[in-house]
Amino acid sequence: MAEPTITAARIAADQLATPLLVLPGFEGEGEPTGFVAAIDARCGGALGRVVQSGDFGGRPEEALVLYPADPREGIQRVLLVGAGKRAEYNVTRLRRAVGTAVRVAERMGIAELDISLGPLPRASEAEDAFEAGVAATEAALLAAWDFRELKSTAADAPRATLTRVGLLAPEDREAGEFQRAVAHGSITARAANLARELQTRPGNQVTPAYLGERAAEMGRELGLEVTVLDRAAIEREGMKALLAVASGSAQEPRFIVIEYHGGTVGAAPVVLVGKGVTFDSGGISIKPAERMEDMKYDMSGAAAVLGALRGIAELRLPINVVGVVPAAENLPSGTAYKPGDVIGSHLGKHIEIVNTDAEGRLILADALSYVRRYHPAAVVNAATLTGACVIALGHHAIGLMGNDTGLMEEVQSAGARVGERCWPMPLWDEYRPQLDSNVADLKNAGGRPAGAITAGWFLKEFVDYPWVHLDIAGTAYTDEAAPYLRKGATGVPTRLFIEWVRARAEA
Ligand code: BES
Ligand code: MN
Ligand code: ZN
């Protein structure tokens, strides 16, 4: 995948030469000022006339291209992108504006562009400039990303590949500040794009074994300690729930452990766990055919763990981190586990299977039990776990549950900073009886009411450390393209993971 290079520089308005200059335009503003006024002078006042005519209103996602009278002067095109009201300008608006600019460049077949970030959100604090630089970098790289490997006809090819996106630091800012932000954002966005690549690849490519190979390869490249357990090793480890889910498929399960030692030797690690169901047919409790193909995305949690470990290692964060991925394919067959079965688990609890489609919590239960050996400082897991979460929160929030309010707030605020927002759901005791079983310790499904919560409750039965569960069923992939994300895989919550770990490492 060719990705554009992001650069940061401070260039005076009269020095700038570019095929496409992107300027944020604000709602309800007249005469351009500052940098924009200087550019306007080079455009013979066209920017001012466009704004005054009302042809461009500055509303979010609005876009208008102008052609300066004399392109030999060095600015071939100016793109005004709506940024909304100046007082409401924030990093979310900035991400969307950058995404919109990348889309316009794509349609016009332009390979290079320069973006003026405009007046920075809350521009008085240095940290906000960093945050804005990261957001712009990430938005450009996320917007440009595409998976074209399996398209073989020229008609599908883009007119040009975006090769460079320049971020123009405002005149009151040091370019160095932006260069650090660009370096950081390039790593986090590429980590998310790795997750998106793994998510997007079809289930016949991305098997549990394939995930294991990709993790091992990444380990060799970055000096991570990677262990991949095959079926025999999973049996020796006693992961009976993972084996039950895998029992219907010819694809062998894998259990992947990635260790990053960036912190003090012996310091308790933070652990990231991701659901790696490489295809979820539902098993014997088979799903309807409609949209079943989307279930190739049922390894999105795993993809985010791999992406996050890559990002964390590249950022060299001073902290110990373990990434864990239980991986299996959920299919019906003569050897498949079935409703009514009672299975064992790594922890030893017995589970009555009432629905083989509630498989994610089973493989996660074994993983959450396995990681007890690390005496982790905190564990965050991500899983496309329930359709109920999609019903509850739609596609705009990750469902967040846990056993430690401080940790839940930490994760929620990390998500808010990177635009991967979470919303809490309660794991009250009153919900637990829905999992009561007549024959075993618990059932693997608790019926329709509060389906996301009972799934969370199931996981809670297997943890004995500070823990957060993220249900990403509604956010890991999307039907509707957003300005900086195409339709399909989003990489959620890769950037949340990295940001949470970064903040932990700093604390
Ligand atoms: N992978 C699905 C959840 C899912 C559904 C993710 C829609 C993304 C979009 C999960 O394994 C599942 O099938 N869950 C069941 C649980 C039920 C049987 C208790 C569900 O949500 O229907
Ligand atoms: Mn399922
Ligand atoms: Zn599933």
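Residues numbered from 1 in each chain as written. Chains lettered and ligands numbered in written order. Predicted model: local features only at pLDDT ≥ 70, side-chain atom pairs only at ≥ 80, totals over all residues. Heavy atoms only, no water.

Observations regarding the coordination of the zinc ion (ligand 3)
All of the protein donors around the zinc ion (ligand 3) are Lys275 (NZ), Asp280 (OD), Asp298 (OD) and Glu359 (OE); their distances to the metal are 2.0 to 2.4 Å. Each of the six donor atoms around the zinc ion (ligand 3) contributes to a set of angles spanning 78 to 175 degrees, which defines the coordination as octahedral. Going along the chain, you hit the donors of the zinc ion (ligand 3) in the pattern K-x4-D-x17-D-x60-E. Taken as a pair, the zinc ion (ligand 3) and the manganese ion (ligand 2) lie 3.2 Å from each other and share aspartate 280 as a ligand. Remark: aspartate 298 occurs in the loop between strand S10 (276–280) and helix H9 (300–315) and aspartate 280 occurs in strand S10; sequence separation between them is 18 residues. Here the two residues aspartate 280 and aspartate 298 agree in accessibility, since each one is buried. (Donors = N, O, S within 2.8 Å, 3.2 Å for Na, K, Ca; no water. Tetrahedral: all angles 85-135°; square planar, octahedral: opposite > 155°, others 65-115°. Helix = DSSP H or I, 4+ residues; strand = E, 2+ residues; numbered from the N terminus. Buried < 20%, exposed > 50% of the residue type's maximum accessible area, 1.4 Å probe, protein only.)

Digging into the site of ligand 1
What surrounds ligand 1 is a group of 16 residues, the closest being Lys287, Asp298, Asp357, Glu359 and Gly387. Lysine 287 places a side-chain nitrogen or oxygen 2.8 Å from an oxygen atom of ligand 1. Contacts to ligand 1 include glycine 387, whose backbone N or O atom sits 2.7 Å from an oxygen atom. Computed on the free molecule, ligand 1 has an accessible area of 520 Å², of which 79% lies beneath the protein chains in the complex. When grouped by side-chain class, the residues that make up the shell around ligand 1 number five nonpolar, four polar and seven charged. (Near = heavy atom within 4 Å. Polar contact = N/O pair within 3.5 Å; in protein donor to acceptor, adjacent residues only side chain to side chain. Areas by Shrake-Rupley, 256 points an atom, 1.4 Å probe, with all protein chains shown as cover. Nonpolar A, V, L, I, M, F, W, Y, C, P; charged D, E, K, R; others polar.)

Here we look at the sheet that holds strand S6 (residues 164–168)
Taken in spatial order, the six strands of this open sheet run S1-S6-S5-S2-S4-S3, and their pairing is mixed. In this open sheet, the two edge strands, each paired with only one partner strand, are strand S1 (5–9) and strand S3 (63–66). Neighbour to neighbour, the strand axes of the sheet diverge by 25 degrees on average, direction disregarded. When S1 meets S6, the two strands line up parallel, connected through five bridges. Counterpart to isoleucine 6 in the pairing with S6 is valine 165. (Pairing = 2+ DSSP bridges. Axes fitted to C-alpha atoms, helices over the stretch in contact; angles between N-to-C directions.)

What to know about the packing of helix H5 (residues 175–200) against helix H14 (residues 494–506)
Close contact between H5 and H14 brings their axes to 8 Å; oriented N to C, the two are set at 135 degrees. Taken together, the axis directions place H5 and H14 in an arrangement best described as oblique. Touching His184, Thr188, Ala191, Ala192 and Ala195 of H5 are Thr494, Arg495, Ile498 and Arg502, all from H14. Split into classes, the residues belonging to the contact of H5 with H14 amount to four nonpolar, three polar and two charged. (Parallel < 35°, antiparallel > 145°, perpendicular 65-115°, else oblique. Contact = heavy atoms within 4.5 Å.)

A few points about the domain arrangement of the protein
Along its sequence, the protein is carved into domain 1 (5–178) and domain 2 (197–506). Look at where the C-alpha atoms of domain 1 and domain 2 centre, and you get two points 37 Å apart. Contacts between domain 1 and domain 2 engage 18 residues on the former and 13 residues on the latter. Taken over both partners, the interface formed by domain 1 and domain 2 buries close to 1400 Å², and the fraction arising from carbon and sulfur atoms is 55%. (Domains from an automatic or database assignment. Buried area = accessible area lost by both parts, 1.4 Å probe.)

Observations concerning the pattern of salt bridges
In the structure shown here, the tally under the stated rule is 36 salt bridges. The residue glutamate 197 makes a salt bridge to arginine 214 at a minimum N-O spacing of 2.8 Å. Here glutamate 197 is found in helix H5, whereas its partner arginine 214 is found in helix H6 (residues 208–222), with 17 residues between them in sequence. A residue is classified by how much of its surface remains accessible, and glutamate 197, at 16% relative accessible area, is buried. We note a salt bridge from lysine 275 to glutamate 359, for which the minimum N-O separation is 3.0 Å. In this pair, lysine 275 is assigned in the loop between strand S9 (270–274) and S10 and glutamate 359 in the loop between strand S13 (351–352) and helix H10 (360–370), connecting sequence segments 84 residues apart. (Salt bridge = Lys/Arg side-chain N within 4 Å of Asp/Glu carboxyl O.)

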